[in-house]
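Listed here are the chains, written in short residue letters.
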Amino acid sequence: MNQIVPAQVFHPWVYLKEELVARKRTQKMFAKFLKKSENEVSELVSGKRNISPRRALLLSVIFETSPHVWLNLQNIYDIYQEEIGLSKTLEEVKSDFSKYKSKID
């Protein structure tokens, strides 16, 4: 695939953890801000939950960012994971399409 792959792809929870540490916030405080259970926050911070549009909106308020920042981090991670899992299939599709395209050109 002729695609630019970011030098480092990580789950959004990595960034979330860094932000909590940098702002000297505990998961318990964070749960209170989000109006969520400590268990849900723990799962989010450990990467067991993904960033949904709802979570992105809540995070954007707390961290004073755009919700798109959080959704983009999640999308980049998800696409990268899919690309790894589908690499052989993607190459086959590319090869098949290239043969088809050369016949009609």
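Residues numbered from 1 in each chain as written. Predicted model: local features only at pLDDT ≥ 70, side-chain atom pairs only at ≥ 80, totals over all residues. Heavy atoms only, no water.

**Comments concerning the packing of helix H2 (residues 27-34) against helix H3 (residues 38-45)**
- Running from N to C, H2 and H3 point in directions that differ by 110°, and their axes come no closer than 9 Å. One element, H2, and the other, H3, form an angle in the roughly perpendicular class. Considering the relative orientation of H2 and H3, their crossing is right-handed. Between H2 and H3, the contacting residues are Gln27, Lys28, Phe30, Ala31 and Leu34 on the first element and Glu38, Val41, Ser42 and Val45 on the second. (Axes fitted to C-alpha atoms, helices over the stretch in contact; angles between N-to-C directions. Helix = DSSP H or I, 4+ residues; strand = E, 2+ residues; numbered from the N terminus. Parallel < 35°, antiparallel > 145°, perpendicular 65-115°, else oblique. Left-handed = near helix turned anticlockwise from the far one by under 90°. Contact = heavy atoms within 4.5 Å.)

**Observations concerning the confidence of the model for the chain**
- With 91% of its residues at a pLDDT of at least 70, the chain reaches an overall mean of 87.
- Confidence, expressed as mean pLDDT per element, reaches its minimum in the chain at helix H6 (residues 87-104) with 78 and its maximum at helix H4 (residues 53-63) with 93. (pLDDT = per-residue confidence, 0-100.)

**Overview of H2**
- Buried residues of H2: Phe30, Ala31 and Leu34, and no others. One side of H2 carries all its buried residues, which in axial view fall inside an arc of 100°. Looking at H2, the residues exposed on the side facing more than 90 degrees away from the buried face are Lys28 and Lys32.
- Its buried side turned inward, H2 meets helix H1 (12-22), H3 and H4.
- Where H2 ends, the next residue or the one after it, lysine 35, has phi of about 60°, a positive value. (Buried < 20%, exposed > 50% of the residue type's maximum accessible area, 1.4 Å probe, protein only. Arc of directions from axis to C-beta.)

**Details of the pattern of salt bridges**
- Per the counting criterion, the structure on display carries 4 salt bridges.
- With a closest N to O distance of 3.4 Å, glutamate 40 and arginine 55 form a salt bridge. Residue glutamate 40 is found in helix H3, and its partner arginine 55 is found in helix H4; the two are separated by 15 residues along the sequence.
- The class for glutamate 40 is buried, based on a relative accessible area of 17%.
- The salt bridge involving glutamate 43 is made with arginine 49; its shortest N-O contact spans 2.7 Å.
- A relative accessible area of 24% places glutamate 43 in the partly exposed class. (Salt bridge = Lys/Arg side-chain N within 4 Å of Asp/Glu carboxyl O.)

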